[in-house]
Every structure is written in C-alpha cells, then in structure tokens.
Amino acid sequence: MTQLRRDLGLWGAASIVVGTVIGSGIFLVPKTMIQQVGDPWMLFAVWIFGGVLSLAGALTYAELAAMLPEAGGEYNYLSEAYGPFWGFLYGWTQMWVAKSGSIATLATGFYLYLANFRPELSVVAFVIPLPLGENFAPLEVRTGQLFAIGLILALGVLNWFGVKVGGGVQIGVTILKVALIGGIIGVGLFGSGSGSGPSAGGAFVGATGGVAGFFAALVAALWAYDGWNNVSMVSSEIKNPQRNLPLALIYGTGAVVAIYLATNFAYFHVLNANEVGHSDRVAATMMHRVLGNWGANAVSIAAMVSIFAALNGSILTGSRVPYALARDGYFFRRFATVSEAHHVPGFSILALSAWSCVLLLSGRYDQLLNLVIFPSWILYGMATAAVIVLRRKRPDLHRPYRTLGYPVVPVLFVLVAVLLLYFTLRNSPRESILGLVLIAAGFPFYRHWKRQLSHGR
C-alpha cells in the first residue's frame, strides 16, 4: 500500500505555521478589538494575552505532535485520549464546515482585494434560480466567485503533485508575505500621522469595555492567531518530526506574535484609536495616510499574498484530516487513497477543494463558521487537555519533547478555552446550540462506520 512520504523539512513546517496563521485577520481585526476595549494599551494587552495563549497551545501540541506524528493532528490526539468518537467529531467538523468554510472565506477575501484593481470581478456573471421564499432567493454568482473557485481548484491540483511542491510554494509565498508586512511595519513606524503611539491618541469613544469587552476582543485576536495547529495535520510528512514539529510550532507561533505586535504598533503610530475603530481596513488607511493611493494599493497586494499563503497551507494541511479518518475506517474509503506517483492523499485534497467551492458558491460559509465556533473550541480544549490525559493513560508512549511548564501551560489554555466557551454561549446561545446540533448530525455516520469496522469490512 502506498504511504505518505516525509518530504517536509523544518522550514516547510514553520512556513505552514506562519503562512496559515497570518491571513487577512491582521488587516481587519484591530477595528473590532479597539471597539471592544477602547484603550490602545488594553488592545496590546489582548494581543499579548492571545499570543501567550497560542504559545501555550503550541507548547502543548509540540508534545502531542512529537509523540503521535501521524496525519490528522487533533484527530489522533482526541482518538488516543478519549476514544475514536471524539476524533471523528473533530474530523467531521473540519471536513464539512470548519476547514472547508475557512478555505471558502480565504478565497473570497482574495478576490475582494483583487477587485480593487479589477472592478469587473464584482459583476454578476449569472443567476441560479432557486425556489422563491424568505430563505431561498435566486442565487447571484459574481465573476469574482468564479475566480475564487478557480483559485481553490488550482491550489488543490498543485498540492496533488506532492507535499514537496505544495511545501515549496508555501515557503516562497510565506517569505514574500513576511517581507511585505515588514514593509508595511516600516512605513508605519517611520511615517507620521495623528497617532504617534498607543498612548498619544486617546481611547475609542463608545467602546464596550470591561471583562465582556476584553473577551470579545480576545475572540477576534484568537481568530487572527488561528491556524498555528495546522502543521500537526501533516505530521506524517515531516522529516524528523520528533525534532522539527516542536521547533516549527514554537518558533512559528512566536514569530507570528512578534509580527502582530509590531504591525499594531505601526498602526497606532500613524492613526489614533478612533481612526482605527472606524476603519474597515486599517492597514490601507494607515498606508494611504503616509504614502497616498499607491500605499493603499500596496496593502491590497500584501493582503492577497498573505491570503494566498494561508489558502495554500489550509488545503495542504486540511486534506490530511479526512484522509486520517478514512485510513482508520471512519470515513468514505476513497479519502484514504494515496497517489502512487506523488505520495499524497490525492482524492482527499481534491474533494476538500471541491466541497469548499460548493460552500463558497452557496454564500453560507460565514454563517456555518459562526455556528461551529462553540463546538470547535470544545474540541480544541479537549485536544490540549489530552496531553494531561495521555500522561496518565499512556505513560508508555515515547515523548521526545515534553511540554515546557507542564502542567501550568496546558491548564492555562484549557481554562481560557472554558471562559471563551462561557462567553460564547452567553452571547450567542442560539448559534452555540445549533453548532452542537450541526456536528451531532455526524453521529449516524459514525455508528455506520463503527458497525462496518466491527464486522471486519
């Protein structure tokens, strides 16, 4: 049977961490965050807290990934610690909503930035007639959506040619991304404006404030930090995973934290709190203030490169989750097929890409992603707690890396996850319950595949 091949080195693994985390969030979420906390220094406190939390997760996942270096990431940790049902729920959610919805969101963001240069992408290409009614109006398909679908499929085909090819593209685009963001940081720090630093521009008027504001801003920050765990999904394709996986997780996440803090310092050096809070695209506003129109256009280019890297990394890593489920008999068998020529789960790559296109075309991916925030964080918290569970349950497992600061570090992550779940449930009870119902829809399928396994099929 053809196996996945370990063709990704340390740089490829680290570029997946940096490349998939830094997408469009750093260009968008400062507005939401300052509206919630008001004071710029409190905004930096949220960024730092979110960064420390992400590092805590990375330190914990480093032990899990080095101990269980197999494709699928959290699927393996949850299955080993709590049983296959919990791993299945994670993989089911990733395939049908979380990862596919994220890919659809990234591709849409890419074409929206590109539309700044090519307005024709916003034109309606054709209309798909649907039954009339409150929830079923005719579906308008824009030229840009067709472009975004083509981009997803092109990257799916690219990654079908091998993890070395996809990883090479990831390294190149990530280096370009970091260089462009570094240019934006330099312009902001050496430019002039009404901000002149976080302490000079006052506070945002009308901010939520308090504990509720802090956690609402933290949710936005964690969305921008999301993706540091993706590299664990390709664990079985990384060279010397016991060494390279922990290094990629820790160094990659640390680099992202540093980039985010420097970028926000640049924003507030040029803009004041109210200007940041009223700007839909704060980086473009800052660059326009310093360099004029071409500066704002440069931000659109940087954003597209950033999104492209995140999109490629998401397809590369996300396709390994349904592959892992199918490999163990908990998903459609075809997803476990490995290409003899390229040693990648080719069908899984193309199927995930195709389903992401369906979600993009439907226009419902944002709603679906909002629904799975609550159940996804339950599974993230459980995956992090797995390091504690497995130390007790499987002390025999080889642990080439042990979590720094154990057990404080994983406990910190789990406690904050519980707080986030509390505030999410309190602020969005309907969406949280619907999210649980959505992923529970996979239970009959789990029973079906479990029954097949018990009968030796």
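Above this text is the structure in question.
What you see as residue numbers is a count from 1 along each chain, following the sequence as written. Selection of residues for local features in this predicted model requires a pLDDT of at least 70, selection of side-chain atom pairs for listing and counting requires 80 or more, and totals for whole chains, interfaces and linings are taken over all residues. No hydrogens and no water enter the side-chain calculation; it runs on all heavy atoms of the structure.

Chemist: Requested: an account of the overall build of the protein, with residues and values cited.
Modeler: A helix here means a DSSP run of H or I that spans at least four residues, while a strand means a run of E at least two residues long, and both kinds are numbered starting from the N terminus. Each helix and strand counted, the protein has 18 helices and 2 strands in total. For the radius of gyration, the atoms used are the C-alpha atoms, and the globule rule reads 2.2 Å times the number of residues raised to 0.38. Over its C-alpha trace the protein gives a radius of gyration of 22 Å, about what one expects of a compact globule, namely 23 Å for 457 residues. Projected onto its principal axes, the C-alpha positions of the protein cover 70 × 55 × 45 Å. Taking all 457 residues of the protein together, the buried fraction comes to 55%. Contacts between residues were defined by any pair of non-hydrogen atoms, one from each residue, lying within 4.5 Å. Intrachain contacts of the protein at a sequence separation of at least 6 include 82% that bridge at least 24 residues. We get accessible surface area from the Shrake-Rupley algorithm with a probe of 1.4 Å; when it comes to residues, only the shown protein chains can shield them. For the protein, the exposed surface amounts to about 18,300 Å²; the carbon and sulfur share of it is 66%. Separation of charge centres in the protein, based on 29 positive and 18 negative side chains, amounts to 7 Å. When accessible area is computed with a 1.4 Å probe and restricted to protein chains, residues below 20% of their type maximum are described as buried, those above 50% as exposed, and intermediate ones as partly exposed. The sign given to each residue is positive for Lys and Arg and negative for Asp and Glu; His and the chain ends receive no count. A charged residue contributes its charge at one atom only: NZ of Lys, CZ of Arg, CG of Asp or CD of Glu.

Chemist: Any chance you could break down the packing of helix 16 (residues 408–427) against helix 17 (residues 429–440) for me, citing the residues and the numbers?
Modeler: Helix packing for two helices is described by the angle between their axes and how far apart those axes are. Two elements in contact, helix 16 and helix 17, have axes whose closest approach is 5 Å; the angle formed by their N-to-C orientations is 110°. In this view, helix 16 runs roughly perpendicular relative to helix 17, as classed from their interaxial angle. Between helix 16 and helix 17, the residues in contact are Thr424, Leu425, Arg426 and Asn427 and Pro429, Ser432 and Ile433, respectively. By the convention adopted, Pro, Cys, Tyr, Trp, Phe, Met, Ile, Leu, Val and Ala count as nonpolar, Lys, Arg, Asp and Glu as charged, and the other residues, Gly among them, as polar. Its residues placed into classes, the contact of helix 16 with helix 17 shows 3 nonpolar, 3 polar and 1 charged. Axes here refer to lines fitted to C-alpha atoms; in helices the fit is confined to the stretch in contact. Angles between the N-to-C directions go from 0 to 180 degrees. Orientation labels follow simple angle bins: below 35 degrees gives roughly parallel, above 145 gives roughly antiparallel, 65 to 115 gives roughly perpendicular, and whatever is left gives oblique.

Chemist: Before we move on, can you summarise the packing of helix 1 (residues 10–21) against helix 9 (residues 241–270) with the specific residues and values?
Modeler: One can describe the packing of helix 1 onto helix 9 by two numbers: an axis separation of 8 Å at closest approach and a directional angle of 35°. Helix 1 and helix 9 meet at a crossing whose hand is right-handed. Judged by residue contacts, Leu10, Ala13, Ala14, Val17, Val18 and Val21 of helix 1 engage Arg243, Asn244, Leu247, Ala248, Leu249, Gly252, Thr253, Ala255, Val256 and Tyr260 from helix 9. Left-handed is the label given to a crossing in which the near helix is rotated counterclockwise from the far helix by less than a right angle, and right-handed is the label when the rotation is clockwise.

Chemist: I'd love a proper account of the environment of histidine 278, names of residues and values included.
Modeler: Along the chain, the position of histidine 278 falls in the loop between helix 10 (273–277) and helix 11 (282–291). The exposure class of histidine 278 is exposed, given its relative accessible area of 59%. C-alpha separation for the pair histidine 278 and glycine 73, spaced 205 residues apart in sequence, amounts to 39 Å.

Chemist: Report on helix 17, specifying residues and quantitative values.
Modeler: Helices are assigned an expected span. That span is 1.5 Å times one less than the residue count. In this model helix 17 runs 17 Å from its N-terminal to its C-terminal C-alpha over 12 residues, within 8% of the 16 Å that 1.5 Å per residue would give. Among all positions of helix 17, only Ser432, Gly435 and Ile439 are buried. Down the axis of helix 17, the sector holding all buried residues measures 55°, keeping them to one side. Seen from the open side of helix 17, the exposed residues pointing more than 90 degrees away from its buried face are Arg430 and Val437. Residues of helix 17 that are buried make contact with helix 5 (84–114), helix 15 (365–393), helix 16 and helix 18 (443–454). Of all possible arcs, the one meant is that of the directions from the helix axis to the C-beta atoms.

Chemist: Break down helix 6 (residues 143–160) for me, citing the residues and quoting the values.
Modeler: For helix 6, built from 18 residues, the straight-helix expectation of 26 Å at 1.5 Å per residue is met to within 8% by its first-to-last C-alpha distance of 26 Å. On its buried side, helix 6 packs onto helix 5, strand 2 (139–142), helix 7 (163–190), helix 12 (293–318) and helix 14 (346–362). Of the residues flanking the end of helix 6, it is glycine 162, one or two places downstream, whose phi is positive at about 130°.

Chemist: Any details on the side chain of lysine 99? Residues and values, ideally.
Modeler: In this structure, lysine 99 sits in helix 5. Here, a salt bridge means any side-chain nitrogen of Lys or Arg that lies within 4 Å of a carboxyl oxygen of Asp or Glu. Among buried Asp, Glu, Lys and Arg side chains, lysine 99 stands out as unpaired, with aspartate 226 the closest opposite charge at 6.4 Å. Nitrogen and oxygen atoms within 3.5 Å of one another constitute a polar contact, given that in protein one can donate a hydrogen and the other can accept it, and given that sequence-neighbouring residues count only through two side-chain atoms. A distance of 3.2 Å separates the side chain of lysine 99 from the side chain of asparagine 230, its partner in a polar contact. In this view, lysine 99 contacts Thr93, Gln94, Asn230, Met233, Ser314, Thr317, Gly318 and Leu352; residues no more than four positions away in its chain are not counted.

Chemist: For the nonpolar core, give the residues involved together with the corresponding values.
Modeler: Definition used in this section: a nonpolar core is a set of buried Ala, Val, Leu, Ile, Met, Phe, Trp, Tyr and Cys residues joined via side-chain atoms within 4.5 Å. By size, the foremost hydrophobic cluster in this structure holds 138 residues, and its most contacted members are Phe27, Met33, Trp47, Val231 and Tyr260. If one sorts the elements of this core by residue count, helix 3 (residues 40–67) sits on top with 14 residues. Leaving out residues up to four positions away in the same chain, valine 231 has contacts with Ala13, Ile16, Val17, Ile238, Leu245 and Leu249.

Chemist: Give a detailed account of a nonpolar patch on the surface, specifying residues and quantitative values.
Modeler: Patches draw on residues past 30% relative accessible area with no salt bridge. Two like charges within 9 Å are joined, as are two nonpolar side chains (Val, Leu, Ile, Met, Phe, Trp, Tyr) within 5 Å. Taken together, the side chains of Val157, Trp160, Phe161, Val165 and Leu350 make up a nonpolar region of the molecular surface, amounting to roughly 390 Å² of accessible area. Inspection of the secondary structure puts leucine 350 in helix 14.

Chemist: Before we move on, can you summarise unusual backbone geometry with the specific residues and values?
Modeler: Following tyrosine 406, the chain continues to proline 407 via a peptide bond in cis, the omega torsion being 0°. Inspection of the secondary structure assignment puts proline 407 in the loop between helix 15 and helix 16. The residue histidine 343 is not glycine, and still its phi comes out positive at about 55°. Tracing the sequence through the fold places histidine 343 in the loop between helix 13 (320–327) and helix 14.

Chemist: Please set out the environment of glycine 213 residue by residue, giving values where relevant.
Modeler: Following the sequence through the fold, glycine 213 ends up in helix 8 (residues 210–225). Glycine 213 gets classed as buried once you look at its relative accessible area, which sits at 0%. Note: C-alpha distance between glycine 213 and isoleucine 378 (165 residues apart in sequence) is 22 Å. Among residues more than four places away in sequence, those in contact with glycine 213 are Gln36, Val37 and Thr208.

Chemist: Which residues make up the packing of aromatic side chains, and what are the values?
Modeler: The rule is short: rings of Phe, Tyr and Trp, with Trp giving its six-membered ring, pair when the centres are within 6.5 Å, and they are stacked under 30 degrees, edge-to-face over 60, tilted in between. Scanning all chains against the criterion turns up 37 aromatic pairs. Where phenylalanine 85 meets tryptophan 86, the ring centres are 5.6 Å apart and the plane angle is 70°; that geometry is what we call edge-to-face. Taking the relative accessible area as the measure of exposure, phenylalanine 85 reaches 24% and is therefore partly exposed. What makes tryptophan 86 partly exposed here is its relative accessible area of 30%. For the pair phenylalanine 110 and phenylalanine 147, a centre-to-centre distance of 6.1 Å together with 15° between the ring planes defines the contact as stacked. In this pair, phenylalanine 110 sits in helix 5 while phenylalanine 147 sits in helix 6, placing the two residues 37 residues apart along the sequence. For phenylalanine 110, a relative accessible area of 11% translates into the label buried. Residue phenylalanine 147 is classed as partly exposed on the basis of its relative accessible area of 34%. Taking NZ or CZ as reference, arginine 391 lies 3.7 Å from the ring centre of tyrosine 406, over its face. Charge over a ring is defined by NZ of Lys or CZ of Arg lying within 6 Å of the ring centre and within 35 degrees of the ring normal.

These figures capture arrangement, not role.
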